[in-house]
Amino acid sequence: MEQKRLCYISRNYYNLTSAGNKAKTDNEDTLAEMGAINLGLPRTIRNSKILAFFLDLIGILRACILLQKDDILFLQYPVKKYFSFLCHVAHLKGARTVSLIHDLGSFRRKKLTIQKEINRLSNSDYIIASNEKMKGWLKEHGLQKSVGALGLFDYRSASRCSEEVTEREQVKVVYAGALSMKKNSFLIELSKTLSHWQLLVCGNKEGLQGLQNNPQITYQGFVPSEEFIKHIDADFGLVWDGNSLDGCSGEYGQYLKWNSPHKVSFYLRAGLPLIIRKEAAVAPIIEEAGAGITISSLEELDDKLANLTTEQKKEMKKQAVNLAQKLNKGSFLTKTLKEINFR
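Rules of the game
- Residues numbered from 1 in each chain as written.
- Predicted model: local features only at pLDDT ≥ 70, side-chain atom pairs only at ≥ 80, totals over all residues.
- Heavy atoms only, no water.
- Salt bridge = Lys/Arg side-chain N within 4 Å of Asp/Glu carboxyl O.
- Helix = DSSP H or I, 4+ residues; strand = E, 2+ residues; numbered from the N terminus.
- Buried < 20%, exposed > 50% of the residue type's maximum accessible area, 1.4 Å probe, protein only.
- Core = buried A, V, L, I, M, F, W, Y, C linked by side-chain atoms within 4.5 Å.
- Axes fitted to C-alpha atoms, helices over the stretch in contact; angles between N-to-C directions.
- Parallel < 35°, antiparallel > 145°, perpendicular 65-115°, else oblique.
- Left-handed = near helix turned anticlockwise from the far one by under 90°.
- Contact = heavy atoms within 4.5 Å.
- 1 Å grid on protein atoms, 1.4 Å probe; cavity = no way out; pocket = protein on both sides within 12 Å on 5 of 7 lines; lining within 4 Å.
- Points joined across faces, edges and corners; volume = space filled by probe spheres on them.
- Pairing = 2+ DSSP bridges.
- Phe/Tyr/Trp six-rings, centres within 6.5 Å; stacked < 30°, edge-to-face > 60°.

A.B. asks: Please set out the pattern of salt bridges residue by residue, giving values where relevant.
C.D. replies: Opposite charge on two side chains permits them to pair, given that their charged atoms come into close proximity. Scanning the entire structure with this criterion turns up 15 salt bridges. A salt bridge links Glu 189 to Lys 192; the shortest N-O distance between them is 3.8 Å. With a gap of three residues between them, Glu 189 and Lys 192 both fall in helix 7 (residues 186-193), about one helical turn apart. Arg 277 is paired through a salt bridge with Glu 279; the nearest N and O atoms lie 3.1 Å apart. On the basis of relative accessibility, which here comes to 8%, the residue Arg 277 falls in the buried class. By relative accessible area, which is 31% here, Glu 279 ends up partly exposed. Via salt bridges that share partners, Arg 168, Lys 172, Asp 233 and Asp 235 belong to a single interconnected network.

A.B. asks: Tell me about the nonpolar core, and please be specific about residues and values.
C.D. replies: Of all hydrophobic cores here, the largest spans 75 residues; its most connected members are Phe 74, Leu 199, Phe 228, Tyr 267, Leu 268 and Leu 305. If you tally residues by element for this core, the top one is helix 13 (residues 310-328), at five residues. Among the nonpolar cores identified, the runner-up in size contains 32 residues, and Cys 64, Met 134, Trp 137 and Leu 143 belong to it.

A.B. asks: Would you mind going over the packing of helix 10 (residues 262-269) against helix 13 in detail, with residue names and values included?
C.D. replies: It is at 8 Å that the axes of helix 10 and helix 13 come closest, and there the two elements cross at 115°. Considering their axes alone, helix 10 and helix 13 lie roughly perpendicular with respect to each other. At the point where helix 10 passes helix 13, the crossing takes the left-handed sense. Across from Ser 265, Leu 268 and Arg 269 in helix 10, the residues of helix 13 making contact are Ala 320, Leu 323, Ala 324, Leu 327 and Asn 328.

A.B. asks: Please set out empty space enclosed by the protein residue by residue, giving values where relevant.
C.D. replies: In the structure shown here, the tally under the stated rule is one cavity of 30 Å³ or more. Roughly 40 Å³ of volume is contained in the largest cavity. Around the largest cavity, the lining residues are Ser 10, Arg 11, Asn 12, Leu 41, Pro 42, Thr 44, Leu 55, Asp 56 and Gly 59. The element best represented in the lining of the largest cavity is helix 2 (residues 49-66), accounting for three residues.

A.B. asks: An account of the pairing of strand 9 (residues 172-176) is needed here, citing residue identities and associated values.
C.D. replies: Residues in a regular strand project their side chains so that they alternate between the two faces of the sheet. With respect to burial, strand 9 is a largely interior element, five of its five residues being buried. The pairing of strand 9 with strand 10 (residues 198-202) spans five bridges and is parallel. Opposite Ala 176, over in strand 10, you have Cys 202 as the bridge partner. As paired elements, strand 9 and strand 12 (residues 236-239) share two bridges and run parallel to each other. When the sheet's bridge partners are listed, Val 173 is paired in strand 12 with Phe 236.

A.B. asks: Could you give an account of the packing of aromatic side chains, naming the residues involved and the relevant values?
C.D. replies: Under the counting rule described, the total for this entry stands at 10 aromatic pairs. Measuring from centroid to centroid gives 5.8 Å for Tyr 155 and Phe 266, while their planes differ by 35°, and the two rings are tilted. Residue Tyr 155 is found in the loop between strand 8 (146-149) and strand 9, and its partner Phe 266 is found in helix 10; the two are separated by 111 residues along the sequence. Each member of the pair, Tyr 155 together with Phe 266, is buried. Ring plane angle 35° and centroid distance 6.3 Å describe the contact between Phe 228 and Tyr 267, whose orientation is recorded as tilted.

So, in structure tokens, the structure goes:
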């Protein structure tokens, strides 16, 4: 791959507060560090949909003109409207495409049938699934192309996370996100039963009607990501979606079985070990690294946290910080791209 030009197409982003946009711009920064060439326009951040449409279109047309024979064009899937078109243009010009999957429309949003999505992805020469579980799912559903697996989405930040373990009577767990009945109504059930550990919720409490007042739960509202990374006062980050304490139910909960949530990378970048569903696609990565606890039900958490020693907490913290350093350097994408063998 070293002899060939690695290329990508930057675009306009509405903001960098959304997880998808943050992940994509971080990947662009990693590509630039690897010596990749942006064939599109320089990255912009503007809120105008009309302006964004024209900027993206011009960037894509520019890329089609500048693409050369034997180039490797890196695409971040889904690419609005233009994915199949870009793959076809690349092939016409004797170039090839590598496509990293951020989200599958046939999973959560059901915007495509599974077969349509597999057909669309098949336009690319090489696919990078979000993780090994998604890679297996794509193969099971008939994707014939070569497939790799990213593992975790990298997370770049100029902020420095704490490396210290705070001594306290009860373990403090943080849950951050936009709260809604559809995505995280499990918190309502948790607010009725929580008694042995503290929960800090960073998000809009009004999004969940029915939350019980509980002295073990503190609501903090939205916290900007850089502030969170530098100053969050917690021992673990909770990755859980759906409406049940047992497993992750509902379409958002089930999606954890296949995707690599950006929230995982965000917590780790803040130096927080994870509490995550055992069946989640990224759970094996966390277990192998020793950077957190995997459970099948939140009802297991009382015993798990009560039996943790100070040394265990320190070791998990250390491993979370180790992963944070890798995420900050773009190590997961760099390693995955270097493993691709284009002859």
